[in-house]
Amino acid sequence: MRTLHFGLRVADLDRSLAFYTAVGYEVVGTVPGTAFGDLTMLKLPDDEFVMIELVSGASPDDARGGSGLSHFVIKVESLDATMADLEAAGLDVEPPDSPNGTDDFLTTWITDPDGNRIELVQWPAGHADGITAADWPS
């Protein structure tokens, strides 16, 4: 099994698309008029698969009372370069921090127009592309 994507309910699709395309996501396709609302599928340029489904418009089960989402994480090659690109696009980026106090494991945060928090991570050299059991040695 693997996670395919997650859906984010957004209040204003155009505003959210402007944000996510500035981050680097591309629109793969749309599915209008579903039971959830209108769906817009997004992926990052180097990914083969859709990762985010923006859910907009009215739906019979419109759950705007809080999604329960804490945050999601995007891996970047260079946090400095990514931050410069985001700031050039007019997005607010928090100052970077290092969870382990090194210069090559860095994180920062951005917030989308609907208040969803996104963590940007630059892994140390040689780290796997994601978190694995090796990150918690016994």
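The coordinates are above.
The structure contained in this document is the topic of the report that follows.

Basis of the calculations
The written sequence of each chain sets the order in which its residues are numbered from 1. This being a predicted model, a pLDDT of at least 70 is required before a residue's local features are given, and a value of 80 or more before pairs of side-chain atoms are given or counted; all residues contribute to the totals for chains, interfaces and linings. To obtain the side-chain values, all non-hydrogen atoms of the structure were included, while hydrogens and water were left out. The helix count covers DSSP runs of H or I at least four residues long, the strand count covers runs of E at least two residues long, and both are numbered beginning at the N terminus. Only protein chains enter the accessibility calculation, which uses a 1.4 Å probe; a residue is then buried when its area is under 20% of its type maximum, exposed when over 50%, and partly exposed in between. The contact definition used throughout considers only heavy atoms, calling two residues in contact when any of these lie within 4.5 Å. Only Phe, Tyr and Trp rings take part, Trp by its six-membered ring, and two of them pair if their centres are within 6.5 Å. Stacked means planes under 30 degrees apart, edge-to-face means over 60, and tilted covers everything else. Note on pairing: two strands pair once DSSP finds at least 2 bridges between them. Note on definitions: angles span 0 to 180 degrees between N-to-C directions of axes, and those axes are lines fitted to C-alpha atoms, for helices only across the stretch in contact. To qualify as a nonpolar core, a set must consist of buried Ala, Val, Leu, Ile, Met, Phe, Trp, Tyr and Cys residues joined through side-chain atoms within 4.5 Å. Each C-beta atom gives one direction from the helix axis, and the arc is the one those directions make. Here a polar contact means two N or O atoms within 3.5 Å. Within protein one must be a hydrogen donor candidate and the other an acceptor candidate, and residues neighboring in sequence count only if both atoms are side-chain atoms.

What to know about the environment of Arg15
Mapped onto the secondary structure, Arg15 falls in helix α1 (residues 13–23). We classify Arg15 as partly exposed; its relative accessible area is 37%. A C-alpha to C-alpha distance of 9.3 Å links Arg15 and Asp114, two positions 99 residues apart in sequence. The contact partners of Arg15, leaving out residues within four places of it in the chain, are Pro113 and Asp114.

A closer look at the packing of aromatic side chains
Summed over all chains, the structure comprises 4 aromatic pairs. Between the aromatic rings of Tyr20 and Tyr25, the centroid separation amounts to 5.9 Å while the plane-to-plane angle is 75 degrees, which identifies the pairing as edge-to-face. The exposure classification of Tyr20 matches that of Tyr25, with both residues buried. Pairwise contacts between aromatic rings join Phe19, Tyr20 and Tyr25 into one cluster.

Notes on the sheet that holds strand β1 (residues 6–9)
The 4 strands are arranged β1-β4-β3-β2 in an open sheet whose pairing can be described as mixed. The strands lining the two open edges of the sheet, one partner per strand, are β1 and β2 (26–31). Across the sheet, the axes of successive neighbouring strands diverge by a mean angle of 25 degrees, strand direction being ignored. Here 5 bridges tie β2 to strand β3 (residues 38–43), and the two strands are oriented antiparallel to one another.

A closer look at the nonpolar core
Among soluble globular proteins, nonpolar side chains are generally buried collectively. Residues Tyr20, Tyr25 and Ile74 are the most contacted members of the largest nonpolar core, which totals 23 residues. Contributing elements (two or more residues each) for this core: α1, β4 (52–56), β5 (71–75), α2 (79–88), β6 (106–111) and β7 (117–122). In terms of residues, this core owes the most to one element, α1, which gives 4 residues.

Concerning the pairing of β5
Burial along β5 is one-sided: Phe72 and Ile74 are buried, while His71, Val73 and Lys75, pointing the other way, are not. Direction of pairing for β5 relative to β7: parallel, over a ladder of 5 bridges. Directly across from His71, in β7, lies its bridge partner Arg117.

Notes on α1
Those residues of α1 lying buried are Ser16, Leu17, Phe19, Tyr20 and Val23. Relative to the axis of α1, the buried residues are bounded by an arc of 165 degrees and lie together on one face. Of the residues flanking the start of α1, the one acting as N-cap is Asp12, its side-chain oxygen 3.1 Å from the backbone nitrogen of Asp14. Trailing α1 by a residue or two, Gly24 shows a phi angle of about 130 degrees, which is positive.

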